[in-house]
Each structure stands twice: as C-alpha cells, then as structure tokens.
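Commentary on secondary and tertiary structure
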Amino acid sequence: MPRRAFAWVYGYVSLGLYRCLNVVVMGFLTSLEFPLLLTTLGRETTIPGLPPASSMKSGGKGGQRFKIAELEASELEPSTLRGYVRRSEPCIVKNCPPAMFADLQKYSPEIPADAPKDKLLIDQFSLPRLGSMQEWLFKYVGKRVLYLARFSGGYKGGYAHIDSFPSYNFYYVKRGRKHVYIVPRQYNPLLKLVGGYDSVFVGDDKADDSSLGWLETIPGCYEFEVGEGDILLFNNSACIHKFLNLTQNPEIFTMRLVHSDSSPTTLWNDCLNWEGAKYFTGIMTMGKTSARDTASIEGEAPAV
C-alpha cells in the first residue's frame, strides 16, 4: 500500500477510535454523575456556622471574610480532617514531615525546554503510588488518591471556578506562595456560573484580581494565603475557588481524592458534555506535559 494511502487510513482509524473513546468517556461521566445529581435533588448543601445565603435578601452584609482553620499535623486526630471533609469546610494542614512527600519525586518529570513560559504547565497521573502519603491520607482522611497533577509554570492565576468530576482536593504547595479565595458552597446559587469543558466558572470574574466585585454580592468567602509545605484540603467539586500566584514559577501537587459529594451545578455541566469528554480523553491519551492558558475559559490543553 502506498505510504500516503496508509497515512490516510491510519489517520481515519485513529480519529474513529478517538471519537469512540470520547463517547465512552462521556457515557461513563454521565452514568456516574447523573445518579449523584438525583441524590442532591438539585440543591446545594450547607457549611454550618456561616451566614445563610438568604441573608443577602434581608439586607445582610456582603463581602465578609471567614477565617480558615489552620491545623498542626502533629496534633491531628484521625477524626479531625474527616469532619472537615464531611462538612465541605476547607482547612490548612501545616508542618507535615517532609519525608511524607518523598514519593512525589516520581511524578516530577523535567519540563520540556520549549514549554511556554507564561502558561500553566500540567503533568497528570492516574492512580499514583504514593507510599507513606497514601497511608497518611487513609488514616486521617479515609480516602484514596484517584489521580494527581503537578502544576508549574509562569502563569499568574486563574478564573474562579468549580472543578468537574466528583473529587476532594489535597493540595500540596511544594514551592511558592498563593493567594486563595474559597466560596462556601451554599452561596453558589447567588452567582452567575458559566459552564466550561472541565469546570463551571464565575462569569463576572477575570484570571487576575481586577474583577473581584462579585465577592461583594455573596455573604462572604474564605480569603487566605498558602505557602511552601502547606496542605490545603477543600471540596474542589463543590466550592468555587480562585488562586493567584504571589511568587514566580510555583510548584503544586494537587491530589484528587475519591469523593462523591459534588455541587449539583457542576454535575449538571458534566452530563452529556462532549467538550469535557474530549478534554478528559486527551488527558488519558496524552502522556506528557500540557500547557493551559488560564486567562481563557475556552479551548483545550494542548501538548507541549
């Protein structure tokens, strides 16, 4: 068979298989998340002890800042973090033993020399083997890591968003410092949310700190900083979150834990989402560093 004809056949077969995989991924996400959506009855649950969403209608004060809990790793009880996870209440764990993170070195590939300098660079791994860290997680959180991503690069920040696919975020700052906003999930219905391919975004936000007026339209949020060695534990598939870099080229490991308690808003967005299926298929088949423009909520993460 002539080489050109073979290339055409190979291309069409590959494209066909890729699209079939897209359908499989979309069907899997929909079959998994639609039943979860039914269990929520389309309603957002509540983090206790905070002003109700209805307080804005009765003249309550907007734009408050809530204090996030900071916990010492050496003082944790096995039930402590499980309580925060059950409530979807964010918390920071400080001063974990550095040896606990040793296995992350296996998931730190060299950045390609031609990688863009101003983009978010992502390396993703499914079902990572994390040794003592996984043992710690199972002891104190009672969950296993579904997949891991390393974030690095010269990006400045990103849009406020809720992530697709049910999970809970174990967010470890290896290098750098971040300014963070996390919105309690009961305030999600008060905001204009726009569906994307892998997230639900706050429509009135920008990738930097130039358009934060939407924070004044809700009772409040958690606003804080995390730095080297900190662990931020929060419900990324239920709570709107926004990160801004305070240092150049941070290095973050975000470990997504098996979890089923998501916002009905993001569950709706994931069901029959063809663009989302293409994105997740790309992640599974790419196998190398990808670059993402965090100043945009459109498009896919291309390979570097």
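In what follows, the structure referred to is the one given above.
First things first, this report covers the structure right here in the doc.

The rules behind the values
- Residues numbered from 1 in each chain as written.
- Predicted model: local features only at pLDDT ≥ 70, side-chain atom pairs only at ≥ 80, totals over all residues.
- Heavy atoms only, no water.
- Helix = DSSP H or I, 4+ residues; strand = E, 2+ residues; numbered from the N terminus.
- Contact = heavy atoms within 4.5 Å.
- Areas by Shrake-Rupley, 256 points an atom, 1.4 Å probe, with all protein chains shown as cover.
- Salt bridge = Lys/Arg side-chain N within 4 Å of Asp/Glu carboxyl O.
- Buried < 20%, exposed > 50% of the residue type's maximum accessible area, 1.4 Å probe, protein only.
- Pairing = 2+ DSSP bridges.
- Axes fitted to C-alpha atoms, helices over the stretch in contact; angles between N-to-C directions.
- Phe/Tyr/Trp six-rings, centres within 6.5 Å; stacked < 30°, edge-to-face > 60°.
- Lys NZ or Arg CZ within 6 Å of the ring centre and 35° of its normal.
- Arc of directions from axis to C-beta.

When its secondary structure is counted, the chain shows five helices and 15 strands. For the chain, long-range pairs separated by at least 24 residues make up 84% of all intrachain contacts whose partners lie at least 6 apart in sequence. For the chain, the computed accessible surface area is about 14700 Å², with 57% contributed by carbon and sulfur atoms.

In this section: the pattern of salt bridges. Tallied over the entire structure, the rule returns 15 salt bridges. Of the charged contacts, one joins Asp230 and Lys94 as a salt bridge, the two residues approaching to 3.0 Å between their closest N and O atoms. In this pair, Asp230 is assigned in the loop between strand 11 (220-227) and strand 12 (231-234) and Lys94 in strand 3 (residues 91-94), connecting sequence segments 136 residues apart. Notably, a salt bridge pairs Asp123 with Arg150, separated by 3.0 Å at the nearest N-O pair. Placement of Asp123 in strand 4 (residues 120-126) and of Arg150 in strand 5 (residues 145-152) is noted, with a sequence separation of 27 residues between them. We classify Arg150 as buried; its relative accessible area is 5%. Ionic contacts of the salt-bridge type, sharing partners, join the residues Asp123, Arg150, Lys174, Arg175 and Glu251 into one network.

What follows covers the sheet that holds strand 5. If you walk across this open sheet you meet the eight strands as 2-3-12-7-14-5-4-15, and the pairing is mixed. Strand pairing shows two members of the sheet lacking a second neighbour, strand 2 (69-72) and strand 15 (290-292), which therefore form its edges. Across the sheet, the axes of successive neighbouring strands diverge by a mean angle of 25°, strand direction being ignored. Across the face of the sheet, helix 2 (residues 80-87) comes into contact with strand 2, strand 3, strand 7 (167-175) and strand 12 while running at roughly 155° to strand 2. Each of strand 3, strand 5, strand 7 and strand 14 (251-258) is contacted by helix 3 (residues 132-140), which is oriented at about 135° to strand 7, the strand it contacts most.

This part takes up the packing of aromatic side chains. Following the criterion strictly, the structure yields eight aromatic pairs and no others. With a centroid separation of 4.9 Å and 40° between ring planes, the pair formed by Trp136 and Tyr140 is classed as tilted. One end of the pair, Trp136, and the other, Tyr140, are both in helix 3, four residues apart, so they sit about a helical turn from each other. Both rings, one in Tyr171 and one in Phe243, keep their centres 4.7 Å apart while their planes meet at 20°; by these two values the pair is stacked. With a gap of 72 residues between them, Tyr171 in strand 7 and Phe243 in strand 13 (residues 241-245) connect regions that are remote in the sequence. The pair formed by Tyr171 and Phe243 is uniform in burial state, with each residue classed as buried. Through pairs of rings, three or more aromatic residues link up here, namely Trp136, Tyr140 and Phe170. Directly above the ring of Tyr84 sits Arg87, whose terminal nitrogen or CZ lies 4.8 Å from the centroid. A cation over an aromatic ring shows up here: Arg144 above the ring of Phe138, its NZ or CZ 4.2 Å from the ring centre.

On to unusual backbone geometry. The phi dihedral of Asn95 is positive, around 60°, even though this residue is not glycine. With respect to the helices and strands, the residue Asn95 is situated in the loop between strand 3 and strand 4. The backbone phi angle of Leu127 is positive, close to 45°, even though this residue is not glycine. Mapped onto the elements of the fold, Leu127 is located in the loop between strand 4 and helix 3.

Turning to the pairing of strand 10 (residues 199-202), a few remarks are in order. Along strand 10, one buried face is formed by Ser199 and Phe201 and the opposite face, lined by Val200 and Val202, is buried too. Relative to strand 10, strand 6 (residues 161-163) runs antiparallel, the two sharing three bridges. Bridged to Ile162 within strand 10 is Val200. Looking at chain direction, strand 9 (residues 193-195) and strand 10 are connected through three bridges and run antiparallel. For Leu193, the partnering residue across the bridge sits in strand 10 and is Val202. Counting the residues in the hairpin turn of strand 9 and strand 10 gives three residues.

The buried fraction of strand 13 amounts to five of the five residues, a majority that puts the element mostly inside the structure. In strand 13, alternate side chains face the same way, and those of His241, Phe243 and Asn245 on one face and Lys242 and Leu244 on the other are all buried.

Our focus in this paragraph is helix 3. By the burial criterion, the buried members of helix 3 are Met133, Gln134, Trp136, Leu137 and Tyr140. Projected onto a plane normal to the axis of helix 3, the buried residues spread over an arc of 160° and lie on a single side. Those residues of helix 3 that are buried lie in contact with helix 2, strand 3, strand 5, strand 7 and strand 14. At the exit of helix 3 stands Gly142, carrying a positive phi of roughly 75°.

So, on to the environment of Ile47. Looking at the secondary structure, you find Ile47 in the loop between helix 1 (3-40) and strand 1 (64-66). In contact with Ile47, other than residues within four places in its own chain, are Arg87, Ser88, Glu89, Pro184, Arg185, Gln186, Tyr222 and Cys239.

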